[in-house]
Amino acid sequence: MDPVVVLGLCLSCLLFLSLWKQSSRKGKLPPGPTPLPIIGNILRLDVKDISKSLLNLSKVYGPVFTLYLGLEPTVVLHGYEAVKEALIDQGEEFSGRGSFPIIERTNNKRHGIVLSNGKRWKEMRRFSLMTLRNFGMGKRSIEDHVQQEASCLVEELRKTGASPCNPTFILGCAPCNVICSIIFQNRFDYTDQNFLNLLKLLNEAVSIMSSLWVQICNAFPALMEYFPGSHNKLSKNFTYTKSYLSEKIKEHQESLDINNPRDFIDCFLIKMEQDKHNLQSEFTTENLINAVFDLFSAGTETTSTTLRYGLLLLIKHPEVTAKIQEEIDRVIGRHRSPCMQDRSHMPYMDAVVHKIQRYIDLIPTNLPHAVTHDIKFRNYLIPKGTTILTSLTSVLHDEKEFPNPKVFDPGHFLDESGNFKKSDYFMAFSAGKRICVGESLARMELFLFLTTILQKFTLKSVVDPKDIDTTPVVNGFASVPPSYQLCFVPV
Ligand code: HEM
C-alpha cells in the first residue's frame, strides 16, 4: 500500500482513538480544559514553570481537575486540602505509582522501590526502610556515617584555600558517599574520577528530566523509539550507573558472610538466600539492582541540590547566616562535632533548614501517583490506574500558611518565643504512604552538613549579596539553582 495512505490511516485511527478515549470518560472525571485530539492539553503547560500553569488552571477549574497529557487523563490535585485528602486521608487508594515512561525505559518491569506497585512495592519499601533504620547493626549508626562524611567535607572545603569555587561537585560528593557507605560500605575520595563521573551522570539526569523534550516523551512514549534526543542520553546514564552497581553486587555475592552483613546489599542477599525456595519472593537480583539504584539516585542529587541551593540562599541573606553562627557558638561551640541531639536546642537552624526546603520547592509536582482501584473522590469517579499529579508547590507556597511565600524568612517556622514551629504544609518530602523513603536520612544530612560548614567557615559571596539572583534556572521535574561561586573562609 502507498506509504502516504498508510500514514493517513494511522493518523485517522489515532485521532479516532483519542476522541473516543476522551469522550468515553467524560462525566466521571473532574472538569478540565477541552483536550485537542492526540495532543490533549499539553499546550496548556509552560514547561519552564509547570507549577504556574497548574495554578492558573486551578483558578478556572478548581483544586481538582483533569488534564490530558497526550491520550491519557491525569488528575491534578492543587492546594493543601486536596493533596492532604488524597495522600493522607485516602492514602492507600492514592499510593500507586503513576506512569513515568522516561524512567520505565530502563526498568520496564517496574522493579525496585520508586516505580513498583502492589505487593512488590510494599515489600521493597518495608525492607528498605527497616534496613536504613536498623543500619549500624551494632557497629556504626547512620549518624556516625554522616558525621564522618561531614569531617571529610570540611577537609575538602579547606583545600579550596578560601578562593572562589563552584560548590556543585563537592556538595554532591558528601550525600553520595553517605549512600555509598550504606549500600556498599565504601566511600570515595573527592577526587576519584569514577566517583565524579557517576555524580556528573546524576547531575545531568536531573536537568534532562526537566527538559521540554522529556515532558513530551512522557506524554507520547512512542516518540522515544523513533526520534533521537536527550532521552537516549538519560537511558544511557541510567544503564551505566546500574551496571556499575551490578558489579558491586557481584563482588558482594562472592564475599558474602551471612552471619556478618556489612551493608544494604548484604542484607538483601541474605533475604534472597532465605527466600530461595519461594517462587513468589520479591527478593530477586532485578529488584536488588533497581532498589539500590533508586536509593543511590534518589538519595544523591536531591540532598546535594538542596545543600547547594541552601548555601546560595545563605550568602544572599548574611543576616540569617550570622544568626545561625551565633546559635552554633552558643549551643555547640567551635570544636565539638555537631550531632543530632543538638537540633532540639537549635530552633533557628531547624527553622532555616525547613525554610530552605520550603522556599526551593525541590520537586514541584512530586513524582506521579496513581489510584490503586476505581475510587470516588469529591463526587468524581477516578478509574483504577489514572495518573495523579500532586502540586507540592501549591502546598509549600500556600499564602495563608506562609505569608509572602516567595520571601526567605525563617520566621515561618518559629513561634513568638523563637521556638521551632511545625507546619502540616511542610511537604517537601511529599506525604502519606509514598512519602520519601530517605526523609530522616536527608533531614539528618541537611542539618549536620550545613551546621558543620557554618561552624568551620564564614561564607563569602563573590558578588554583592543584593545582586544574587536565587530564581531557579530549571524548574520542571526539579528546581535547580543558578550556577554560582563562593569562598569558604575558615573561622
Ligand atoms: C532533600 C532531600 C530529598 C527530597 C526533597 C526528597 C523528596 C522526595 C519526594 C518528593 C518523593 C516522592 C514521594 C511520592 O511519590 O509521593 C521521594 C521519593 C523517594 N525518595 Fe526522596 N527525597 C530526598 C532524599 C532522599 C534520600 C536521601 C533517599 C535515599 C535514602 C531518598 C529515597 C527516595 C525513594 C526510594 C523514594 C521512592 C519512595 C516510594 O516510591 O515509595 N530520597 N523523595
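Note that the structure is predicted; figures quoted are calculated from it, not measured. (Residues numbered from 1 in each chain as written. Predicted model: local features only at pLDDT ≥ 70, side-chain atom pairs only at ≥ 80, totals over all residues. Heavy atoms only, no water.)

### Overview of the pattern of salt bridges
Here the structure, examined in full by the defined rule, presents 20 salt bridges. Between Glu92 and Lys122 there is a salt bridge, and its shortest N-O distance comes to 3.0 Å. Here Lys122 lies in helix α5 (residues 118-134) and Glu92 lies in the loop between α3 (80-89) and β3 (96-97), a separation of 30 residues in the sequence. Classification of Glu92 as partly exposed rests on a relative accessible area of 34%. Salt bridges sharing common partners tie together Lys119, Arg120, Glu123 and Glu282. (Salt bridge = Lys/Arg side-chain N within 4 Å of Asp/Glu carboxyl O. Helix = DSSP H or I, 4+ residues; strand = E, 2+ residues; numbered from the N terminus. Buried < 20%, exposed > 50% of the residue type's maximum accessible area, 1.4 Å probe, protein only.)

### Remarks on the UniProt feature "binding site: heme" (unreviewed entry) in the chain
The UniProt entry lists Cys436 under the feature "binding site: heme" (unreviewed entry), expressed in the numbering used here. Here Cys436 lies in the loop between α16 (392-396) and α17 (439-456). The exposure class of Cys436 is partly exposed, given its relative accessible area of 32%. (UniProt positions renumbered as here; feature names shortened; annotations may be inferred.)

### Some thoughts on helix α6 (residues 142-158)
In a regular helix each residue adds 1.5 Å, so 17 residues correspond to 24 Å; α6 covers 25 Å between its end C-alpha atoms and thus fits that length. Those residues of α6 lying buried are Ile142, His145, Val146, Glu149, Ala150, Cys152, Leu153, Val154, Glu156 and Leu157. On its buried face, α6 sits against α5, α7 (168-184), α17, β8 (457-461) and β11 (486-490). (Expected span 1.5 Å × (residues − 1). Contact = heavy atoms within 4.5 Å.)

### A word on unusual backbone geometry
Its identity is not glycine, yet Arg378 carries a phi of approximately 50°, on the positive side. Examined against the element boundaries, Arg378 turns out to sit in the loop between β5 (375-377) and β6 (380-382). In this structure, Ser430 is a non-glycine residue whose phi angle is positive, near 70°. Summarising the element assignment, Ser430 is placed in the loop between α16 and α17. The buried category is assigned to Ser430, whose relative accessible area is 7%.

### Points about the packing of aromatic side chains
Here the structure, examined in full by the defined rule, presents 17 aromatic pairs. When the centroid spacing of 5.2 Å and the interplanar angle of 70° are considered together, the rings of Phe238 and Phe293 count as edge-to-face. With Phe238 in helix α11 (residues 230-255) and Phe293 in helix α13 (residues 285-316), this residue pair connects regions lying 55 residues apart in the sequence. Each member of the pair, Phe238 as well as Phe293, is classed as buried. A ring pair is formed by Phe268 and Phe283, whose centres lie 5.0 Å apart and whose planes are at 55°; its orientation type is tilted. In this pair, Phe268 sits in helix α12 (residues 264-274) while Phe283 sits in the loop between α12 and α13, placing the two residues 15 residues apart along the sequence. For Phe268, a relative accessible area of 0% puts it in the buried group. With a relative accessible area of 9%, Phe283 lands in the buried category. An aromatic cluster of at least three residues, connected via ring pairs, comprises Tyr80, Phe402, Phe413, Phe420, Tyr425, Phe426 and Phe429. The ring of Phe293 has Lys242 sitting right over it, with the charged end atom 4.8 Å from the ring centre. (Phe/Tyr/Trp six-rings, centres within 6.5 Å; stacked < 30°, edge-to-face > 60°. Lys NZ or Arg CZ within 6 Å of the ring centre and 35° of its normal.)

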